[in-house]
Amino acid sequence: MDKEALKKYFLSLDRAYFLDESQHKEAAFDHPLPIGFGQTISQPTLVLKMTELLDLEKSHKVLEIGTGSGYQTAILAQFVKEVYTVERIEELYHKAKKRLDGLGFKNIHFKIGDGTYGWEEKAPFDRIMVTAAAVRLPKALASQLAPGGKMVIPVGEEGLQRLFLVEKDKEGYLHVEALEWVRFVSLVGEDGF
Ligand code: SAH
């Protein structure tokens, strides 16, 4: 992918737009911030890093689990063909949809539900981005990844995880690389916490 274009868009995107009024003063700092309902948005540099790891192409169909504020969704949608994003908290879904519609995106498809099941009807996906911490790799997500596909997902215990880069080869075998330590809110669901 074009890393320079990604960096440019990342720097042009105002994080405050995705945050409640009470957090606006903090928006420019590189740290996680609350988005309500006990959930948080990651520090911007981690969002950038995770996006770089996915190595996006304009032709890609991407699944995102944990829409949250919609900040990461915008960064994905800017660089791929279609984004399918799933959020379990209805209020967060409504807010994120309003913000992303407001930016004029036409390639984002929203769903309220348990993202540990993925989005079966729209599978397979070239890329999968999970922005909540899983106890293990959810089976549905692994199976909905296309051959040659990549997934970024934090896996570990509550409060401390490793960022995993999962790649599915052409034969359908998974290769998993454990990267840096991270701290995400839990992926709550049938195949989560
Ligand atoms: N990427 C988001 C950060 C989201 S925080 C952003 O840029 O703002 C993690 C989100 O995952 C929360 O909104 C939480 O409600 C959601 N989540 C947790 N478990 C989920 C599940 N099983 N399915 C869908 N969303 C889930």
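Structural data are supplied above this passage.
Residues numbered from 1 in each chain as written. Predicted model: local features only at pLDDT ≥ 70, side-chain atom pairs only at ≥ 80, totals over all residues. Heavy atoms only, no water.

**Student:** Before we go on, may I ask you to explain the overall build of the chain in this structure?
**Tutor:** Along the backbone of the chain there are five helices and nine strands. Starting at the N terminus and walking to the C terminus, you meet the elements of the chain as α-β-β-α-β-α-β-α-β-β-α-β-β-β. Here the C-alpha atoms of the chain give a radius of gyration of 15 Å, agreeing with the 16 Å that 2.2 N^0.38 yields for 193 residues. Every one of the 193 residues in the chain was classed for burial, and the buried ones make up 48%. When contacts within the chain are restricted to residue pairs at least 6 apart in sequence, those whose partners lie at least 24 apart make up 53%. Each charge sign in the chain was given a centre, from 25 positive and 29 negative side chains, and these centres are 3 Å apart. (Helix = DSSP H or I, 4+ residues; strand = E, 2+ residues; numbered from the N terminus. Rg over C-alpha atoms; globule rule 2.2 N^0.38 Å. Buried < 20%, exposed > 50% of the residue type's maximum accessible area, 1.4 Å probe, protein only. Contact = heavy atoms within 4.5 Å. Lys, Arg positive; Asp, Glu negative; His and termini not counted. Charge placed at Lys NZ, Arg CZ, Asp CG, Glu CD.)

**Student:** Is there a simple way to explain the site of the ligand in this structure?
**Tutor:** The ligand sits among 26 residues. The nearest are T40, S69, E87, G115 and V188. Between the ligand and E87 there is a distance of 2.6 Å, counted from an oxygen atom to a side-chain nitrogen or oxygen. According to the grid-proximity analysis, the pocket containing the ligand is the largest pocket. Secondary structure elements with two or more residues in the shell around the ligand: β2 (39-41), β3 (61-65), α3 (71-77) and β4 (82-87). By residue number, the principal contributor to the shell around the ligand is β2, which donates three residues. Its residues assigned to classes, the shell around the ligand shows 10 nonpolar, 12 polar and four charged. (Near = heavy atom within 4 Å. Polar contact = N/O pair within 3.5 Å; in protein donor to acceptor, adjacent residues only side chain to side chain. 1 Å grid on protein atoms, 1.4 Å probe; cavity = no way out; pocket = protein on both sides within 12 Å on 5 of 7 lines; lining within 4 Å. Sits in = over half its atoms within 2 Å of the grid points. Nonpolar A, V, L, I, M, F, W, Y, C, P; charged D, E, K, R; others polar.)

**Student:** Any chance you could explain the pairing of strand β9 (residues 174-182) here in plain terms?
**Tutor:** Every other side chain in a regular strand lies on the same face of the sheet, so the side chains alternate between the two faces. The sheet contact formed by strand β8 (residues 160-168) and β9 spans seven bridges and is antiparallel. The partner of R162 across the bridge, within β9, is W181. Taking the residues that link successive antiparallel strands as the turn, the β8-β9 hairpin has five residues, and the phi of G172 there is positive, at about 95°. (Pairing = 2+ DSSP bridges.)

**Student:** Would you mind going over the layout of surface pockets with me for this structure?
**Tutor:** Gaps between atoms show up when a probe of the same size as a water molecule is rolled over them. Taken as a whole, the largest pocket encloses approximately 500 Å³ of empty space. At the level of secondary structure, the elements contributing two or more residues to the lining of the largest pocket comprise β2, α2 (44-54), β3, α3, β4 and β9. Here the residues of the lining of the largest pocket sort into 18 nonpolar, 14 polar and six charged. (Points joined across faces, edges and corners; volume = space filled by probe spheres on them.)

**Student:** It is not clear to me how the environment of K122 should be interpreted in this structure. Could you clarify?
**Tutor:** Among the structural elements, K122 can be located in the loop between β5 (108-112) and β6 (125-130). Relative accessible area serves as the criterion here: at 34%, K122 is assigned to the partly exposed category. Once the C-alpha coordinates of K122 and L174 are considered, the two residues, 52 residues apart in sequence, prove to be 20 Å apart. Those residues in contact with K122 that sit more than four places away from it in its chain are K61 and Y84.

**Student:** Please explain the packing of helix α1 (residues 3-12) against α2 as it appears in this structure.
**Tutor:** Here α1 crosses α2 at 150°, and the two axes come no closer than 11 Å. One way to sum up the angle between α1 and α2 is to call them roughly antiparallel. Judged by the twist between their axes, the crossing of α1 over α2 is right-handed. Only P44, T45, L48, T51 and E52 of α2 make contact with α1, whose side of the interface consists of K3, L6, K7 and F10. Along the lines of polarity and charge, the residues of the contact of α1 with α2 split into four nonpolar, two polar and three charged. (Axes fitted to C-alpha atoms, helices over the stretch in contact; angles between N-to-C directions. Parallel < 35°, antiparallel > 145°, perpendicular 65-115°, else oblique. Left-handed = near helix turned anticlockwise from the far one by under 90°.)

**Student:** Even after reading the chapter, I still don't get the side chain of E87, so can you show me in this structure?
**Tutor:** Along the chain, E87 turns up in strand β4. In this structure, E87 is buried with no salt-bridge partner, the nearest side chain bearing the opposite charge being R88 at 6.1 Å. Within polar-contact distance, the side chain of E87 engages the backbone nitrogen of T67 at 3.3 Å. At a separation of 2.9 Å, a polar atom in the side chain of E87 contacts the main-chain amide nitrogen of G68. In this view, E87 contacts G66, T67, G68, L92, Y93, K111, I112 and G113; residues no more than four positions away in its chain are not counted. (Salt bridge = Lys/Arg side-chain N within 4 Å of Asp/Glu carboxyl O.)

The values reported here are purely geometric and, on their own, carry no functional implication.
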